[in-house]
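Secondary and tertiary structure notes
In case you want the letters, here they are:
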Amino acid sequence: MHTSLLVFSIFLIGTTLSNPVHYDQISKKLTAISEQIDQAELRLNNSITKLLSKLDSSNHDLTQLIKSIHTSRVVDNSQSSNQAVSALLVIDVQYDFIDGSLALKNCPSKHNGEEVIPVINQLLDSHKFDVVAYSHDWHPTDHISFFDNLHLRSHLLTSDSIPLADLKLYSIATFAINGLPRMEQSLWPRHCVQNTHGAKLHSDLKVIEEDNAQNISVIHIQKGTKPDVDSYSAFWDNSKLGETQLNQFLKEKGVTQVFVVGLATDWCVYSTAIHGMEHGYKTFIIEDACRGVDEKTIKERLNDFTQKNGHIIKSSQVKDYIQE
């Protein structure tokens, strides 16, 4: 795509030289092209520089217009190259989501959560991320998300919630708890209970030590630790009552962009990515390094993410966005 954009840019400039048109139209077209180009910036800038050297004085206004756009792109690219600090957020690659009580292969998607592990390991082996964060669902035994704990809070169901008798596994219950904001809660199988095997990161996942020779900053985030509020995102709980250490850690390390991978695409990966954007990070979901619960929901959530200016890429594209 980048090559075709470059060719079109050269064609547009060449056509303009032989067939003068209004400069505002030229500006709109060049700006539209500019906005579509990301990693082809340097190649495009070099091509424009060569073209500028061939323009004669009769095209002074056009020359100045192209120079203005070109200079802007060079500055933006330089700033990006100098300031881009990248973090890989590895979300909930835990046994219970792979072959345990909430294994994705038993969910509507029938995804194999284990398939993300070699992709994530390859990313860690092939690229120098400045920060790597691992999140862990880390629930107490009486957590609100467990269907088998519903009896503990049945008296707190709101009048417009699905009635107790009709609530089933994977239903959405609505609670009003101790003056907290009204919350809708999906009812999941018991999973990722603190200090159990199911809550451990999968043994095949590459886990970088906090004290490592590569000088990578590493943090582990435990989420969903409070009994009465769930937490899909590695940044916030679902009601935004409490924030983890993640954002503060990323800010301290000067992170500007985050790449989100792991489980599950339509829940914890999506929620983490949305909050990453809210915190001001350029945010990517690496699609082939994620697996989800339900294909329909995955599609809806990824569409919402892109509508909010998030970026969905493949693992093979990561090299285009980070400075090695």
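As a reminder, the structure under discussion sits directly above these lines.
Presented here is an overview of the structure given in this document. (Residues numbered from 1 in each chain as written. Predicted model: local features only at pLDDT ≥ 70, side-chain atom pairs only at ≥ 80, totals over all residues. Heavy atoms only, no water.)

1. Notes on the packing of aromatic side chains
- In this structure the tally under the stated criterion is 7 aromatic pairs.
- For the pair tyrosine 232 and tryptophan 267, a centre-to-centre distance of 5.2 Å together with 70° between the ring planes defines the contact as edge-to-face. Taken together, the positions of tyrosine 232 in the loop between β5 (217–223) and α8 (246–252) and tryptophan 267 in helix α9 (residues 265–278) put the pair 35 residues apart, joining distant regions of the chain.
- Each ring, one from phenylalanine 284 and one from tyrosine 321, has its centre 4.8 Å from the other, and the planes form 55°; the classification is tilted. With phenylalanine 284 in strand β7 (residues 282–291) and tyrosine 321 in the segment after β8 (311–313), this residue pair connects regions lying 37 residues apart in the sequence.
- With a relative accessible area of 0%, phenylalanine 284 lands in the buried category.
- Cluster of aromatic residues (ring-pair linked, three or more members): Phe129, Phe259, Phe284 and Tyr321.
- Against the face of tryptophan 236 rests lysine 240, its NZ or CZ located 5.7 Å from the ring centre.
- Above the ring of tyrosine 281, the side-chain terminus of lysine 251 is found at 4.3 Å from the ring centroid. (Phe/Tyr/Trp six-rings, centres within 6.5 Å; stacked < 30°, edge-to-face > 60°. Helix = DSSP H or I, 4+ residues; strand = E, 2+ residues; numbered from the N terminus. Buried < 20%, exposed > 50% of the residue type's maximum accessible area, 1.4 Å probe, protein only. Lys NZ or Arg CZ within 6 Å of the ring centre and 35° of its normal.)

2. Some words on the pairing of strand β6 (residues 257–263)
- The element β6 is largely enclosed, with a buried count of 7 among its 7 residues.
- Of the two faces of β6, the one carrying Gln257, Phe259, Val261 and Leu263 and the one carrying Val258, Val260 and Gly262 are both buried.
- Note: strand β1 (residues 86–91) against β6, 6 bridges, orientation parallel. For leucine 88, the partnering residue across the bridge sits in β6 and is phenylalanine 259. (Pairing = 2+ DSSP bridges.)

3. Quick word on helix α10 (residues 295–307)
- Taking 1.5 Å of rise per residue, 13 residues should cover 18 Å, and α10 covers 18 Å from first to last C-alpha, within 8% of that figure.
- Packed against the buried residues of α10 are α9, β7 and β8.
- Capping the start of α10 is the job of one residue whose side-chain oxygen sits 3.0 Å from the backbone nitrogen of lysine 296: aspartate 294.
- Asparagine 309 sits one or two residues past α10 and shows a positive phi near 75°. (Expected span 1.5 Å × (residues − 1). Contact = heavy atoms within 4.5 Å. Polar contact = N/O pair within 3.5 Å; in protein donor to acceptor, adjacent residues only side chain to side chain.)

4. What to know about the pattern of salt bridges
- Considering all chains together, one arrives at 11 salt bridges under this definition.
- In this structure, lysine 308 engages aspartate 304 in a salt bridge whose closest nitrogen and oxygen atoms are separated by 3.1 Å.
- Classification of lysine 308 by relative accessible area gives partly exposed; the value is 43%.
- Beyond isolated ion pairs, a larger network of salt bridges with shared partners links Asp92, Asp137 and Lys223. (Salt bridge = Lys/Arg side-chain N within 4 Å of Asp/Glu carboxyl O.)

5. Some words on the layout of surface pockets
- As a volume, the second largest pocket reaches approximately 320 Å³.
- Lining the second largest pocket we find 16 residues, and of these Glu184, Tyr232, Asn238, Trp267 and Ser271 sit closest to its centre.
- No other element matches the 5 residues that α9 contributes to the lining of the second largest pocket.
- Residue composition of the lining of the second largest pocket, grouped by class: 6 nonpolar, 6 polar and 4 charged.
- When residues of the lining of the second largest pocket are assigned to domains, at least three map to each of domain 2 (86–139 + 198–320) and domain 3 (147–187). (1 Å grid on protein atoms, 1.4 Å probe; cavity = no way out; pocket = protein on both sides within 12 Å on 5 of 7 lines; lining within 4 Å. Points joined across faces, edges and corners; volume = space filled by probe spheres on them. Nonpolar A, V, L, I, M, F, W, Y, C, P; charged D, E, K, R; others polar. Domains from an automatic or database assignment.)

6. Structural notes on α9
- The first and last C-alpha atoms of α9 sit 18 Å apart over 14 residues, in line with the 20 Å expected at 1.5 Å per residue.
- Most of α9 sits inside the fold, with 13 of its 14 residues counted as buried.
- Immediately beyond the C-terminal end of α9, within one or two residues, lies glycine 280, with a positive phi of roughly 95°.

7. Some points on the packing of α9 against α10
- Closest axis-to-axis distance for the α9/α10 pair is 10 Å, and the angle between their directions is 5°. Our classification of the angle between α9 and α10 gives roughly parallel. When α9 is examined against α10, the residues Thr265, Asp266, Trp267, Tyr270, Ala273, Ile274 and Met277 are found in contact with a partner set consisting of Thr297, Ile298, Arg301, Leu302, Asp304 and Phe305.
- Of the residues that constitute the contact of α9 with α10, the class distribution is 8 nonpolar, 2 polar and 3 charged. (Axes fitted to C-alpha atoms, helices over the stretch in contact; angles between N-to-C directions. Parallel < 35°, antiparallel > 145°, perpendicular 65-115°, else oblique.)

Just geometry here; none of it tells us what the structure is for.
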